[in-house]
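Spelled out from the first residue to the last, the chains are:
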Amino acid sequence: MRIRALLLTVIAVVAAGCGGDPTTGKAGLEKSTITLGMLPLPEVAPIQIGIDKGYFEAQGLTVKVEIIQGGAAAMPDLLSGKLDVLHSNYVSAMLAAGLGVAKPKVIGEAYVAQDGNFVLMTKRDSPITTLAHLKGKKVGVNTLNNVATLAVSALLKTAGLAPDDVKFVEQPFPQMAGALDSGLVDAAVLPEPFWQTAAKDSGARQLSELFTAATAKWPMAGYVVTDQFAQQHPKTVAAFQRGLQQATTTAISNSADAKAAILKYTKIDKATADLMRLGGYSTSVDKDRLQRVADLMLEFGYLKEKLDVSSLLLTAGTS
């Protein structure tokens, strides 16, 4: 499994420590400038809002953003200290914890899936009209053995199918609509705004919401640091959390601010941004909700033994 291999390569790095030289900030922070790795998705709009509106600066913190390709792929950079904070889907973080190659700590939530945020699509003239029709078909996902494949597996179960009844094909989200049109895949997982663009440009059809029934209100991703970073930089982490909470509150109360922020770190145009269904921002990490992810991962074999998500929270036993 590629993700397992990626994570296992960093064991030596973890042993060597997080790296980097802490610098004392004007607010007495252990480190006044941090680098945050994030995917260019709507869910990280609060980070851009926090930078633009000075919420982080007010906490004595400068946040530098680095665009990444995925949480699993960027995990080695978090462990090596190249990144201080990582925007990661929870499946990647839990895989790292479950494999024992990292002790990630969730210090903030990014997004909880709402209707219209993530969709399973087929091409316009596809004979696939129900989930049961996916048997023997190819399903496009952005990363194998991760959150998209887990969510599809849960969907397949509702139709009496198992994960091995389909073939998962890895494709980056920007190329997913083309893979669907060309027949490289028969169905595709697409987040906003990619699914709106596919529907508008080529008539792609929605087969199902990706997160529904057992996965409704699914906690998608959060902001994580290493356990070592959290221990060595408690004031820095707390400053980031305060700035993030203020920025997330703004995103929740004003979607116009969120959509304006999204335009700055993605290639999304305003017309497409206006179509997006936002609303999954969360100001707190819910332990019970997060446990659902670990439990589903155990059910489908992503984890070999039960993971108590309290171990991932900055303050164990709280949410």
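For the structure itself, look to the data block above.
This write-up is about the structure you can find in this document. (Residues numbered from 1 in each chain as written. Predicted model: local features only at pLDDT ≥ 70, side-chain atom pairs only at ≥ 80, totals over all residues. Heavy atoms only, no water.)

The next thing to look at is the pairing of strand β8 (residues 187-191). β8 sits mainly inside the fold: 5 of its 5 residues count as buried. Burial of β8 is two-sided: the residues Ala187, Val189 and Pro191 facing one way and the residues Ala188 and Leu190 facing the other way are all buried. The pairing of strand β6 (residues 138-141) with β8 spans 2 bridges and is classified as parallel. From the neighbouring strand, Val139 faces β8, where its bridge partner is Ala187. (Buried < 20%, exposed > 50% of the residue type's maximum accessible area, 1.4 Å probe, protein only. Helix = DSSP H or I, 4+ residues; strand = E, 2+ residues; numbered from the N terminus. Pairing = 2+ DSSP bridges.)

Below, the discussion takes up the environment of Thr197. Inspection of the secondary structure assignment puts Thr197 in helix α8 (residues 194-202). With a relative accessible area of 28%, Thr197 lands in the partly exposed category. Each C-alpha atom of the pair Thr197 and Ile268 lies 9.9 Å from the other, and the pair is 71 residues apart in sequence.

All right, on to the pairing of strand β7 (residues 167-170) then. Bridge count for β6 against β7 is 4 bridges, and the pairing is parallel. Opposite Val139, over in β7, you have Phe168 as the bridge partner. With respect to chirality, the unit in which β6 leads through helix α6 (residues 147-158) into the neighbouring parallel β7 is right-handed. (Right-handed = clockwise from strand over helix to strand, strands pointing away.)

Inspection of helix α11 (residues 255-265) places Ala258, Lys259, Ala261, Ile262 and Tyr265 among the buried residues, and these make up the whole buried set. Looking straight down α11, one finds its buried side chains confined to an arc of 160 degrees; they lie on one side. Those residues of α11 that are exposed and angled more than 90 degrees off the buried face are Ala256 and Lys264. Of the surrounding elements, those touching the buried residues of α11 are β1 (33-38), α3 (45-52), β2 (62-67), α10 (234-253) and α12 (270-275). Looking at where α11 begins, the residue whose side-chain oxygen comes 3.0 Å from the main-chain nitrogen of Ala256 is Asn254. (Arc of directions from axis to C-beta. Contact = heavy atoms within 4.5 Å. Polar contact = N/O pair within 3.5 Å; in protein donor to acceptor, adjacent residues only side chain to side chain.)

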